[in-house]
Amino acid sequence: MSQSPHYRRNPDVVPEWGTSTDMVLRNCRTGRTFSARPALLTLLGHLDQPRTPEELHGLWDGSPGAEAVAALLEKLAAAGIVRHGQAAAEHGPGDGWTPYERAVHHQAGTGGLSGWDLGACPSARFRHGEATRTINLPETDGPGSRPLATVLAERRSIRRYAPEPVPLTALAALLQHAARVRGYIPPLAYQQTQRPSPSGGGRHSLEIHVLARDVQGLEPGAYHYDPFAHALDHLAPWSEELAALQHRFVAAPAAMEQPPPVSLYLTSFAARTAWKYSRLVLALIYRDTGCLMQTLSLTATDLGLAACPIGAIDASLSAPFLTPYKDRLIHVGSLALGLPRADEAPTPVLRLQDLYH
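These numbers come from a predicted model, not from an experiment. (Residues numbered from 1 in each chain as written. Predicted model: local features only at pLDDT ≥ 70, side-chain atom pairs only at ≥ 80, totals over all residues. Heavy atoms only, no water.)

Chemist: Lay out the overall build of the protein chain in plain terms, naming residues and giving numbers.
Modeler: Check the secondary structure of the protein chain and you find ten helices and 18 strands. Out of the 357 residues in the protein chain, the part that is buried amounts to 45%. Summarising the internal contacts of the protein chain: among those between residues at least 6 apart in sequence, 72% fall at separations of at least 24. Roughly 18100 Å² of accessible area belongs to the protein chain as shown, and the carbon and sulfur atoms make up 55% of that amount. (Helix = DSSP H or I, 4+ residues; strand = E, 2+ residues; numbered from the N terminus. Buried < 20%, exposed > 50% of the residue type's maximum accessible area, 1.4 Å probe, protein only. Contact = heavy atoms within 4.5 Å. Areas by Shrake-Rupley, 256 points an atom, 1.4 Å probe, with all protein chains shown as cover.)

Here it is as C-alpha cells:
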C-alpha cells in the first residue's frame with residue numbers, strides 16, 4: 001500500500017483584503033490571487049506542518065472525507081497554494097526571502113508609468129515651515145578634484161572618527177557637490193530636477209536631514225538640507241532624544257565605539273515618485289537611496305572625510321523633529337560622517353592580478 005503524500009501550505013501565499021469585505025490569497029512569487037473562503041483558510045491553518053490527507057480528515061468540524069481532502073489538496077497544489085512531496089518538508093521559501101519581499105519584487109516587475117493623470121505634481125522642494133532659522137552654507141569651487149580612480153580605490157566605510165569636530169565648510173562642500181539641485185528638466189510642471197545623484201524619472205524623492213552633534217561653526221541640533229538654496233533649516237536643538245535616535249539607527253547598527261560627529265538621516269517624500277510611477281515606488285526609492293549613498297560616500301572620500309552608510313531603517317519615523325510629517329515621509333537609511341582618525345589608513349587592496357602571481 002503506497003504511503004499518502006504530505007502537504008503543507010506554500011509560505012509564499014499570504015492572505016490579504018480583497019476589493020470588498022472578502023479575503024483573498026496572494027502568491028507573492030507569481031502575483032496570482034485566489035478567493036479565500038473560510039473553509040479554505042481553516043484547512044491552510046492546519047497545514048503549518050506537513051500532513052497527509054488522513055491526518056487532516058477530522059481535524060475540524062465539517063471536514064470532508066480523506067479522499068475528498070486528498071483531491072482538494074491536489075487542486076491546491078496545482079494552483080501553487082500548497083506544496084506536496086519533498087517541497088512540503090521544506091520550511092519557508094528556502095532562499096532567505098520573506099513572502100513580503102517577494103511581493104514587492106514581483107510588483108516592481110509589473111509596474112511602470114502611472115499615466116501622469118494623478119493631478120498636480122508634488123513639489124520637488126520640501127519646505128519645513130516650522131524651521132526656527134536658516135543657515136546659508138558657503139560654496140566651494142569643487143571637491144578635492146583628485147582622479148576618480150584614486151577616490152574609488154580609497155573609498156571605504158569608516159566607523160571610527162577623530163575627536164575633532166567636522167568643519168562646517170567640509171559639511172557644506174559635501175552637500176553642495178553630492179546633493180545640490182543643478183536645475184530643472186523641462187517641462188517645469190513635472191517637477192523633475194537635475195542633481196549629482198541619479199533618481200528614477202528625475203523624481204528625487206529623498207530628503208537629507210542632518211543630525212549635527214559636533215560641527216565647528218554650527219549649533220548642535222537637527223537640520224534639513226535645502227538643496228535648492230544650499231542652506232540648512234534649523235529644526236531642533238541637540239537633545240537626549242536626538243542622541244538616542246543617533247544611537248539606535250547609526251552607532252548601534254554599525255557597532256561604533258563612539259557616535260559620529262554628524263549623521264545624515266535620509267528620508268523619502270514618496271509621493272514624488274508615486275506621481276509618475278505605479279507599483280515601482282518602493283523599489284525605485286531603495287535604488288535612489290543606494291545611488292545617493294554612493295555619491296555621498298565618494299564625495300566624502302574626495303574631501304578627506306570619513307563616511308559610513310548605515311542600512312538600519314526607522315520604520316516608525318520616530319525622529320522627534322519630523323513628527324508633523326509621519327504620514328508623508330519614510331526613513332530609508334543614514335550616513336555617519338566625521339574626520340578620519342590618524343590610524344585609519346586606507347586598507348590595502350588585493351588586486352585580481354595578485355591572485356595569479
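Chemist: Which residues make up the packing of aromatic side chains, and what are the values?
Modeler: By convention here, two paired aromatic rings are described through the distance between centres and the angle between planes. Scanning the entire structure with this criterion turns up five aromatic pairs. Ring geometry for Y190 and W275: centres 5.7 Å apart, planes at 50°, overall tilted. Placement of Y190 in the loop between strand 9 (183–185) and strand 10 (192–194) and of W275 in helix 9 (residues 271–276) is noted, with a sequence separation of 85 residues between them. Using a relative accessible area of 28% as the deciding quantity, one classes Y190 as partly exposed. Through successive ring pairs, a cluster of aromatic residues spans F126, F269 and Y325. (Phe/Tyr/Trp six-rings, centres within 6.5 Å; stacked < 30°, edge-to-face > 60°.)

Chemist: Give a detailed account of the nonpolar core, specifying residues and quantitative values.
Modeler: The biggest cluster of nonpolar side chains holds 34 residues, and the ones touching the most others in it are L171, I208, V210, L218, L232 and L264. At the level of secondary structure, the elements contributing two or more residues to this core comprise helix 7 (168–179), strand 11 (206–212), strand 13 (221–226), strand 15 (262–268), helix 10 (281–303) and strand 18 (330–338). Tallying contributions element by element places helix 7 first for this core, with eight residues. Excluding its chain neighbours within four sequence positions, the residues that come into contact with V210 are L171, G221, A222, Y223, L232, V262, S263 and L264. Judged by nonpolar contacts, the second largest core, of 17 residues, contains A36, L44, L73 and A77. (Core = buried A, V, L, I, M, F, W, Y, C linked by side-chain atoms within 4.5 Å.)

Chemist: Lay out helix 10 in plain terms, naming residues and giving numbers.
Modeler: Here helix 10 contains 23 residues, and its C-alpha end-to-end distance of 33 Å stays within 8% of the 33 Å for a straight helix at 1.5 Å per residue. Phi for G304, located one or two positions after helix 10, is positive at around 85°. (Expected span 1.5 Å × (residues − 1).)

Chemist: Any chance you could break down the side chain of H177 for me, citing the residues and the numbers?
Modeler: Within the fold, H177 resides in helix 7. Classification of H177 as buried rests on a relative accessible area of 17%. Reaching out from H177, the side chain makes a polar contact with the side chain of T140 at a distance of 2.8 Å. (Polar contact = N/O pair within 3.5 Å; in protein donor to acceptor, adjacent residues only side chain to side chain.)

Chemist: Any chance you could break down the pairing of strand 2 (residues 13–17) for me, citing the residues and the numbers?
Modeler: In the sheet, strand 2 pairs with strand 3 (residues 23–27) via five bridges, with the strands oriented antiparallel. Looking at the pairing, P15 lines up with L25 of strand 3. The antiparallel pairing of strand 2 with strand 3 creates a hairpin that spans five residues between the two strands. (Pairing = 2+ DSSP bridges.)

Chemist: Give me the lowdown on the environment of L242, citing residues and values where you can.
Modeler: Relative to the helices and strands, L242 resides in helix 8 (residues 240–251). Given a relative accessible area of 1%, L242 falls into the buried group. Expressed as a C-alpha distance, the spacing of L242 and A319, which sit 77 residues apart in the sequence, is 7.6 Å. Ignoring sequence-local partners within four residues, the contact set of L242 consists of L211, G221, A222, A236, P237, P320 and F321.

Chemist: Please give an account of the sheet that holds strand 11 that cites residues and values.
Modeler: The strand order across the open sheet formed by seven strands is 7-14-13-11-15-18-17, and the pairing between neighbours is antiparallel. In this open sheet, the two strands that pair with only one neighbour each are strand 7 (133–136) and strand 17 (306–310). In this sheet, adjacent strand axes meet at a mean angle of 30° when their direction is disregarded. As paired elements, strand 15 and strand 18 share seven bridges and run antiparallel to each other. Directly across from S263, in strand 18, lies its bridge partner A336. Each of strand 11, strand 13, strand 14 (231–237), strand 15, strand 17 and strand 18 touches helix 8; the most contacted strand, strand 15, lies at about 75° to it. Where helix 10 meets the sheet, it contacts strand 11, strand 15, strand 17 and strand 18, and its direction lies at approximately 10° from that of strand 18. (Axes fitted to C-alpha atoms, helices over the stretch in contact; angles between N-to-C directions.)

Chemist: Which residues make up a nonpolar patch on the surface, and what values do they have?
Modeler: Nonpolar side chains collect at one region of the surface, where V104, L282, Y286, I313 and I330 lie side by side and expose about 380 Å² of accessible area between them. Tracing the sequence through the fold places V104 in helix 5 (residues 99–108). Look at V104 and you get partly exposed, because its relative accessible area is 36%. (Patch = residues over 30% accessible without salt bridge, like charges linked within 9 Å, V, L, I, M, F, W, Y side chains within 5 Å. Salt bridge = Lys/Arg side-chain N within 4 Å of Asp/Glu carboxyl O.)

Chemist: Would you mind going over empty space enclosed by the protein in detail, with residue names and values included?
Modeler: According to the stated counting rule, one finds two cavities of 30 Å³ or more in the structure shown. A volume near 170 Å³ is recorded for the largest cavity. Contributing to the lining of the largest cavity are 14 residues, with A179, R195, H204, L206 and L292 lying nearest its centre. For the lining of the largest cavity, the secondary-structure elements that each account for two or more residues are helix 7, strand 11 and helix 10. When residues of the lining of the largest cavity are assigned to their parent elements, the largest contribution, three residues, is made by strand 11. Along its surface, the second largest cavity is lined by A124, R125, F126, R195, L206, E207, H224, D226, P227, F228 and R272. (1 Å grid on protein atoms, 1.4 Å probe; cavity = no way out; pocket = protein on both sides within 12 Å on 5 of 7 lines; lining within 4 Å. Points joined across faces, edges and corners; volume = space filled by probe spheres on them.)

Chemist: Help me get a handle on helix 3 (residues 66–79), residues and values and all.
Modeler: Compared with the 20 Å implied by 1.5 Å per residue over 14 residues, the 20 Å span of helix 3 between its first and last C-alpha is a close match. Regarding helix 3, the residues found buried are V69, L73, L76, A77 and A79. Within helix 3, the buried residues cover an arc of 155° as seen down the axis, which keeps them to one side. Facing away from the buried side of helix 3 by more than 90 degrees, the exposed set consists of E67, K75 and A78. Buried residues in helix 3 make contact with strand 1 (7–9), strand 4 (33–35), helix 1 (38–45), helix 2 (53–56) and strand 5 (82–84). A positive phi of about 85° marks G80, the residue just after helix 3. (Arc of directions from axis to C-beta.)

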